[in-house]
Amino acid sequence: MPFKSDLGWSDVTPKALFLNRRQLIAGAAAALASPALAETLEPNSLEDITSYNNFYEFGWDKGDPARHAGALTTDPWSIEIGGMVDKPGTYDLADILKGQPIEERIYRFRCVEAWSMVVPWTGFALSGLLNRIGVQPSARYVAFETLLRPEEMPGQRDGSFPWPYVEGLRLDEAMHPLTLLATGLYGEPMPNQNGAPIRLVVPWKYGFKSIKSIVKITLTDRQPPTTWNILQPSEYGFHANVNPEVDHPRWSQASERRIGAGLFGGRVDTLMFNGYADQVASLYAGQDLAVDY
Amino acid sequence: MRDRINATARRVPTAFLYIGGAILALWLLFAAVQDSLGPDPVKALEQGLGIWALRFLLASLCITPLMRAGIRLLKFRRALGLLGFAYAALHFATWIALDMGLRWGQIAGDLTKRPYIIVGALGLLLLLPLAATSWNGAIRRLGAAAWNRLHRLAYPAILAGAVHFVMIGKVWTGESLVYLGIAMVLLVLRVPQSRRIPARAT
Ligand code: HEM
C-alpha cells in the first residue's frame, strides 16, 4: 500500500499562485520573448478547457470526461518509477512534488484533430523529477502509463481499446525544459477531466502525447509502444510533432480551429512545432519529419 | 393500429414535415449563433446537420418497406428526401464556410485527397439530380420509368452518407456503425424488388 501523506497534493499548489489573467499573459510574453507570438496566447476559458476533452477513459464524446470524471479518486496517488533509474520505487504524489518548483506555463495545446486551445498550466519540469530519480546512462526513452481503473473509468470497460493508455518520449524530449508534469491549471488543482492529479504536457507535440493521470514512468533503452501508434500506425506516429507540412491521412494539419473562437472563428495557420520551433527544432536536426511523423 | 396510422397520415399535410424540418434547422443555427452548443459550435452545427441529413434520408428509405407492411406514408417521401438533401447541402456549406473558413486551397485539397470527404461529396453529388427532379413536372417530363430509374441513385447516395459517417471516427464508434447497419438493412430490402422489375417487364 502506498503510504498516505497528510500533505495532500493540492497543498503543494498554493492558492497564491492563482494569478489573474493579465499577469498570466505577461508571464507568457516574458517566457517567449516574442511579443508577436505572445499576443495569440490568450488562455481559453476554464469552462472551455474543462468541458471539451479527449480522455477516452471516460467516454468517446468530448463532453464525457466532464460528465464522468467526477468519480475518479485522485488521493491517494502514487507513481511507480522504474527501469533504468538509480532510485526505482513507488512514490507518493506528495513525495514526487517535493522540492519541485511549481510554475505557471501558458502553452498552446494542439490536438491531432486540428483544433487548439491555450491552457494556463501549473506544474514543474519533468527533467526535475528525472534528475532526482537518477537516469542511468543506458536509458534513451521514457515510457508513461495512465491509471487502469475501470470501476472509476467507464470508458475502460470498452474492450476494443488496449487499456491502459501508454505514451512515450525520447529522453532528450523528456529532459527538455518545456516538457512539463502538470498538476493544475488556472492556478487550481488539476480537474479530473484534464488528467488529475498529474499529467504530462509536451506543447510542441499533438495532444495525445500529453498523457493524463500518470501512474507509471519507466526509463528504457528501446522506443516504447504508444497507444495511438498501436491502434493506427499509419495515422499516429511515435513522434507526433505538430507539423503543418505533414498531413494526417484523413485531414490536413496545415491549419487549426481555435476552440473558443466561436461560430465564425475560422482557422489559423498551424505553426511548426506548434510555435515552439525556436526551442525544440534542434532536437530533430537531421531527422526527416515526414518519415518520423 | 395500422389503420389508425394510415388515417392520421391522410390527415397530416406534408407541409408539417417541411415546417418541422425548417424549425429544427433554424433552432440549430440559432443555438450555434447564440453560442449555446458548447465550446465548439462549428463542429456541433456541422455534426448536427450531417446526422439529421442522414436521418431524413434513412426515413425516406423506410417508406417503401412500410408500404409493403400496409402502412401508407408515401406522400411524405418527397419531403423526407428533400429535407435530407437540404440538410446535407447546409452541412456542406457549414464545412466550407465555418469549418474550413473559406480556405479554398485546403478545401480543394480535402475534396480530392481525403477519402471520407470524397465519399461525402459523392453522396451529395448523387442527391443533386434527385432534388432537381423532385417536382411533379419532372416526373411527367422524364416519364415514370426513367424517373424511377434515376431515383434509384438514392441508394448509393445514402450508402455514401452512412459510410462517410463511419470513416470519420478516430476509432469505429458504435453509433456510426448502427447507422450504417440500418442503411444496409434498408438497402438489402430493395434487392428482391429490383430483381423483380426486369422480370415483370419481359
Ligand atoms: C461534400 C460533402 C460533404 C462534406 C465535405 C462533409 C464533411 C463532413 C465533416 C467535416 C464532418 C465532421 C467530421 C468531424 O466530426 O470532425 C462530417 C460529419 C458527418 N457527415 Fe458529412 N460531409 C459531406 C456530405 C455528407 C452527406 C451527403 C451526409 C449524409 C447523407 C453526411 C453526413 C454526415 C454525418 C452523419 C456526419 C457525422 C455527424 C456526427 O458526428 O454526429 N455528410 N461531414
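Cut-offs applied
- Residues numbered from 1 in each chain as written.
- Chains lettered and ligands numbered in written order.
- Predicted model: local features only at pLDDT ≥ 70, side-chain atom pairs only at ≥ 80, totals over all residues.
- Axes fitted to C-alpha atoms, helices over the stretch in contact; angles between N-to-C directions.
- Helix = DSSP H or I, 4+ residues; strand = E, 2+ residues; numbered from the N terminus.
- Parallel < 35°, antiparallel > 145°, perpendicular 65-115°, else oblique.
- Left-handed = near helix turned anticlockwise from the far one by under 90°.
- Contact = placed C-beta atoms within 7 Å.
- Pairing = 2+ DSSP bridges.
- UniProt positions renumbered as here; feature names shortened; annotations may be inferred.

## Here's the deal with the packing of helix α9 (residues 154-168) of chain B against helix α10 (residues 174-188) of chain B
Residues and elements named next belong to chain B.
Inference 1: Running from N to C, α9 and α10 point in directions that differ by 160°, and their axes come no closer than 8 Å. The orientation of α9 relative to α10 falls into the category roughly antiparallel. The element α9 and its partner α10 pack so that their crossing is left-handed. Together, Y155, I158, L159, A162, V163, F165 and V166 of α9 and S176, L177, Y179, L180, A183 and L187 of α10 make up the contact between the two elements.

## Some thoughts on the sheet that holds strand β5 (residues 141-146) of chain A
All names here are of chain A.
Inference 1: The five strands are arranged β2-β1-β10-β5-β6 in an open sheet whose pairing can be described as mixed. Taken across any chain shown, the strands that pair with only one partner, and hence form the sheet edges, are β2 (89-92) and β6 (166-170). Ignoring which end each strand starts from, the neighbouring axes of this sheet average 20° apart.
Inference 2: Sheet topology places β5 next to strand β10 (residues 214-220); six bridges connect them, and they run antiparallel. Within the sheet, the bridge partner assigned to T146 lies in β10 and is I214.

## A short note on the UniProt feature "domain: Oxidoreductase molybdopterin-binding" (unreviewed entry) in chain A
Inference 1: If you check UniProt for "domain: Oxidoreductase molybdopterin-binding" (unreviewed entry), the listed places come out as residues 73-228 of chain A in our numbering.
Inference 2: The span residues 73-228 of chain A shows a helical share of 12% and a strand share of 37%, and its end C-alpha atoms are spaced 26 Å apart.

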